[in-house]
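# Remarks on the overall topology
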Amino acid sequence: MAPKFLQSLVPRREKRNSGSTLRALKSLTFLQVLQFVTGWLAWTCDAFDFFCVSLSVNTLATDFDKAPGQITTAITLTLLFRSIGAVIFGILSDRFGRKWPLVANLAIVCLIEIGTSFVKTFTQFLAARALFGIAMGGIWGLAASTALENLPVELRGLGSGIVQQGYACGYLFASVINLTVVPHTSHNWRALFWAAACLSSSTAVLRALTPESAVFLRAKAIEKAHGGHAPGEKTKIFIRETKAMLKAHWKLCIYAVLLMTGFNFLSHGSQDLYPTYLETSKGFSPHSATIATMISNCGAISGGAIAGWASQYIGRRLTIVIFILLVGAFIPLWILPTSFSALAAGAFCVQVGVQGAWGVVPIQLAEMSPPAFRATFPGVAYQLGNMISAASAQIEAIGGQNFRTTVTVDGVKKNVADYATVQGILIGVVAAYLIVITILGPENHAAHFENAKTAFEEGAGADEMEDDDVLEKPRSIRELDGKDDDEVA
């Protein structure tokens, strides 16, 4: 018999997905698909821009006459300022709806991307990346809530894995542009930011043309039927309910930040300096490093989708633990080989684990969150974790100054930073931490958070649900079949 804490990782039978994934996919409307796609695209845009710096560290160092370690300051600043954006845009989204805050957020991202491409000094570049951090911080919470709250319960695990891998897709798209366009233009790294601006502006237009989330349309309809509140009164209700939520869930807030700190150390520690690691510690060309990065992101995309789907059946936390164990198992293949094929295989396998675990994060946080605040709560927890882990790239850069190795490039031996050892230690420690904190945490598997009151309604801070008579649309295949969600299959 397994210990109780391990048994708790598997959801109770009545909470497991007993509906058909295929049937749920067939039941999707065009609008549900469109809302999911806009959420995925928004997160893809964010990642594309973020990794423009990671892919260009050595080029930026040459242009601004700085050491690579100084260039990583831009990455740190972006991560530090993301929590500000998460608070601002999360509150706007939970108060006013998903649509227009996300459109505004994407438009600001686009403007900052254009501005970044025209900077002339390193100071200007750092300022632009700090501003981008604020804008980037708002995207994830809004994108995840837009994508997931409109899906049937049976698809939220799979949807979580796919939407989170917008991050890997953004990295992959940026790698493709870096490989195919940047070498053939005199504008160099600046072309990456122009491509990012095109993607962000297109996504903003698509979101503007897509209707508001059904949750907020329903809330407005209910308010209209009951006479409604003045805008000032709704804001007062929102503030009052936010205070009630924080008072009731402060321990959960702390846990979520600790969880996301570990996850952000895991992803940034294995991705942000990966191209630099291959070029510096393994002696690869920028072209080969970009190809290996693209291969690793293919692993990330597949891992996220598989893990998200599996979590619907075996539980969110157990899926996370399994995929983090995969990360630990493949660390030697990540750092020990010297050939391109072996290192690329290691990168693929490690990112299956890293982004597989990450693929469960959007739905785990959404189900764990106070339901009326599922844009603000996950977004702020995510970005506070990012803020704490902001120095991951600099930790690795400083570690590389102290751990040294010798590589042979064109027949000449060079003493270089040993990023392999540094990343192996960091990833191993973080993986162990995440396994422990995941097992000790809560899980609210298959929660119907879309039935909760919105944050500007009375009782939202106490996690109250709407009355059954105002919930018109069934949210799962079991409901379509006329079965109770608490009924044992």
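Since the model is a prediction, treat every value here as computed from it, not as a measurement.

## Thoughts on the overall build of the chain
From N to C terminus, the chain includes 21 helices and two strands. Looking at the 489 residues of the chain, the share that counts as buried comes to 59%. The long-range share in the chain, meaning contacts at least 24 apart out of those at least 6 apart in sequence, stands at 84%. When the accessible surface of the chain is summed, it comes to about 18800 Å², and 67% of that surface belongs to carbon and sulfur atoms.

## Let's talk about the pattern of salt bridges
Within the structure shown, the criterion is met by five salt bridges. Notably, a salt bridge pairs Arg129 with Asp49, separated by 2.8 Å at the nearest N-O pair. One end of the pair, Arg129, is in helix 7 (residues 122–148); the other, Asp49, is in helix 3 (residues 30–54), with 80 residues separating them in the sequence. In this structure, Glu443 and Arg317 form a salt bridge, with 3.1 Å as the shortest nitrogen-oxygen distance. Taken together, the residues Glu443 in the loop between helix 20 (419–440) and helix 21 (477–480) and Arg317 in helix 15 (residues 316–335) connect sequence positions 126 residues apart.

## Some thoughts on helix 19 (residues 392–402)
One turn of an α-helix holds 3.6 residues; hence residues three or four places apart share an orientation. Among all positions in helix 19, only Ser392, Ala393, Glu396, Ala397, Gly399 and Gly400 are buried. What you see down the axis of helix 19 is that its buried residues fit within an arc of 160°, all on one side. For helix 19, exposure combined with an orientation more than 90 degrees from the buried face picks out Gln401 and Asn402.

## Let's talk about the nonpolar core
In terms of nonpolar packing, the biggest core is built from 115 residues, with Phe125, Met260, Phe263 and Tyr277 touching the most fellow members. If you tally residues by element for this core, the top one is helix 7, at 14 residues. If we skip the residues at most four places from it in the chain, Phe125 touches Val53, Leu60, Phe64, Ala74, Thr116, Val119, Trp189 and Phe193.

## Thoughts on the environment of Phe263
With respect to the helices and strands, the residue Phe263 is situated in helix 12 (residues 231–271). Taking the C-alpha atoms as reference points, Phe263 and Ala431, separated by 168 residues in sequence, lie 8.6 Å from one another. Excluding residues within four positions of it along the chain, Phe263 makes contact with Ile320, Ala357, Trp358, Val361 and Leu434.

## Concerning the packing of aromatic side chains
Applying the stated criterion across every chain, the model contains 20 aromatic pairs. For the pair Trp140 and Tyr382, a centre-to-centre distance of 4.4 Å together with 40° between the ring planes defines the contact as tilted. With Trp140 in helix 7 and Tyr382 in helix 18 (residues 376–388), this residue pair connects regions lying 242 residues apart in the sequence. Residue classification places Trp140 among the buried residues on the basis of a relative accessible area of 2%. A centroid spacing of 5.2 Å and a plane angle of 50° characterise the contact between Trp358 and Tyr382, whose relative ring orientation is tilted. Taken together, the positions of Trp358 in helix 16 (residues 340–359) and Tyr382 in helix 18 put the pair 24 residues apart, joining distant regions of the chain. In this structure, Trp358 and Tyr382 share a single accessibility class: buried. Geometry around Phe50 places Arg82 over its ring, the cationic atom sitting 5.9 Å from the centre.

## Focus: the pairing of strand 2 (residues 412–417)
Bridge count for strand 1 (residues 404–409) against strand 2 is six bridges, and the pairing is antiparallel. By the bridge assignment for strand 2, Thr408 is matched with Lys413. What sits between the antiparallel neighbours strand 1 and strand 2 is a turn of two residues, in which Asp410 has the positive phi angle 55°.

## Here's the deal with the packing of helix 7 against helix 18
Where helix 7 contacts helix 18, the two axes come as close as 8 Å, and the packing angle between them is 135°. Taken together, helix 7 and helix 18 sit at an angle that is classed as oblique. When you trace helix 7 past helix 18, the crossing you get is right-handed. Only Pro378, Gly379, Tyr382 and Gln383 of helix 18 make contact with helix 7, whose side of the interface consists of Met136, Gly137, Trp140 and Gly141. For the contact of helix 7 with helix 18, a count of residues per class yields four nonpolar, four polar and no charged.

## So, helix 17 (residues 361–368)
For helix 17, a buried count of eight out of eight residues is recorded, marking the element as mostly surrounded by other parts of the structure. When helix 17 is considered as a whole, its buried residues turn out to be Val361, Pro362, Ile363, Gln364, Leu365, Ala366, Glu367 and Met368.

## Some details on the confidence of the model for the chain
Confidence along the chain averages 86 in pLDDT terms, with 90% of residues attaining 70 or more. The low-confidence segment residues 13–18, where pLDDT is below 50, has 20 contacts with residues more than four positions distant or belonging to other chains. Confidence over residues 470–489 falls short of pLDDT 50; this stretch has 48 contacts with residues more than four positions distant or in other chains.

## Re the environment of Leu278
Mapped onto the fold, Leu278 is located in helix 13 (residues 274–281). Relative accessible area serves as the criterion here: at 0%, Leu278 is assigned to the buried category. Placed eleven residues apart in sequence, Leu278 and Ala289 show a C-alpha to C-alpha distance of 5.8 Å. Those residues in contact with Leu278 that lie beyond four places of it in its chain are Gly283, Phe284, Ala289, Ala292 and Leu343.

## Details of the packing of helix 5 (residues 68–96) against helix 19
Where helix 5 contacts helix 19, the two axes come as close as 8 Å, and the packing angle between them is 165°. Looking at the two axes, helix 5 sits roughly antiparallel to helix 19. Here the hand of the crossing between helix 5 and helix 19 comes out left-handed. The segment helix 5 lies against helix 19, with Gly69, Thr72, Thr73, Ile75 and Thr76 engaging Ala393, Gln394 and Ala397. A class-by-class count of the residues in the contact of helix 5 with helix 19 yields three nonpolar, five polar and no charged.

The rules behind the values
- Residues numbered from 1 in each chain as written.
- Predicted model: local features only at pLDDT ≥ 70, side-chain atom pairs only at ≥ 80, totals over all residues.
- Heavy atoms only, no water.
- Helix = DSSP H or I, 4+ residues; strand = E, 2+ residues; numbered from the N terminus.
- Buried < 20%, exposed > 50% of the residue type's maximum accessible area, 1.4 Å probe, protein only.
- Contact = heavy atoms within 4.5 Å.
- Areas by Shrake-Rupley, 256 points an atom, 1.4 Å probe, with all protein chains shown as cover.
- Salt bridge = Lys/Arg side-chain N within 4 Å of Asp/Glu carboxyl O.
- Arc of directions from axis to C-beta.
- Core = buried A, V, L, I, M, F, W, Y, C linked by side-chain atoms within 4.5 Å.
- Phe/Tyr/Trp six-rings, centres within 6.5 Å; stacked < 30°, edge-to-face > 60°.
- Lys NZ or Arg CZ within 6 Å of the ring centre and 35° of its normal.
- Pairing = 2+ DSSP bridges.
- Axes fitted to C-alpha atoms, helices over the stretch in contact; angles between N-to-C directions.
- Parallel < 35°, antiparallel > 145°, perpendicular 65-115°, else oblique.
- Left-handed = near helix turned anticlockwise from the far one by under 90°.
- Nonpolar A, V, L, I, M, F, W, Y, C, P; charged D, E, K, R; others polar.
- pLDDT = per-residue confidence, 0-100.

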